[in-house]
Amino acid sequence: MRLMGKNIASFVLANDTYTFTIKGNIRRRPNEIIKVGYKAAPSDTAIRPITLSTGIFDANHTFLYVSAITHTFIGSSYTNTIRTHRFVESLPDV
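Residues numbered from 1 in each chain as written. Predicted model: local features only at pLDDT ≥ 70, side-chain atom pairs only at ≥ 80, totals over all residues. Heavy atoms only, no water.

Peer 1: What's the story with the side chain of Thr84 in this structure? I'm lost.
Peer 2: Residue position: Thr84 is located in strand β4 (residues 77-88). Apart from residues no more than four positions distant in its own chain, Thr84 is found in contact with Asp16, Thr17, Tyr18, Phe20, Ile34, Leu64, Tyr65, Val66 and Ser67. (Helix = DSSP H or I, 4+ residues; strand = E, 2+ residues; numbered from the N terminus. Contact = heavy atoms within 4.5 Å.)

If you want it as structure tokens, here you go:
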């Protein structure tokens, strides 16, 4: 079982890595799976989202395995730096 666990971990951790910082939340923890994507902004707004191209299917979201979270407190500011690894190719929304 230990060998199988190491093989699965190397399969997941060898994929694309994404690190980002967001507003802090004490409930965030590693070893979870999150869905990351974007929603297109309405055409009448000046805000344009960054296009998230997730691979050959060109879906607008992907699933990420959270491997590490750093909780940072600076004065009254609290942020989380999240390190993730993409592990599944998402199908396009239809």
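Peer 1: Would you explain the packing of aromatic side chains in this entry?
Peer 2: Going through the model one piece at a time under the given rule, you end up with 1 aromatic pair. Where Phe73 meets Tyr78, the ring centres are 4.3 Å apart and the plane angle is 5°; that geometry is what we call stacked. Residue classification places Phe73 among the exposed residues on the basis of a relative accessible area of 56%. (Phe/Tyr/Trp six-rings, centres within 6.5 Å; stacked < 30°, edge-to-face > 60°. Buried < 20%, exposed > 50% of the residue type's maximum accessible area, 1.4 Å probe, protein only.)

Peer 1: For this particular structure, what's the right way to read the sheet that holds strand β3 (residues 61-74)?
Peer 2: Backbone hydrogen bonds are what pair the strands of a sheet, in a parallel or an antiparallel way. Here 4 strands make up an open sheet; going across it, the order is β1-β4-β3-β2 and the pairing antiparallel. What marks the edges here is a single partner per strand, and that holds for β1 (17-23) and β2 (33-37). Taking the axes of each pair of neighbouring strands and ignoring which way they run, one obtains an average angle of 45° across the sheet. One ladder, built from 5 bridges, connects β2 with β3; its direction is antiparallel. Bridge pairing in β3 links Lys35 to Phe63. (Pairing = 2+ DSSP bridges. Axes fitted to C-alpha atoms, helices over the stretch in contact; angles between N-to-C directions.)

Peer 1: Got a minute to help me understand the environment of Glu32 in this structure?
Peer 2: Mapped onto the fold, Glu32 is located in the loop between β1 and β2. Glu32 sits in the partly exposed class, given a relative accessible area of 28%. Sequence-wise, Glu32 and Thr84 are 52 residues apart; in three dimensions their C-alpha atoms are separated by 9.5 Å. Apart from residues lying up to four places away in sequence, Glu32 is in contact with Leu64, Tyr65 and Val66.

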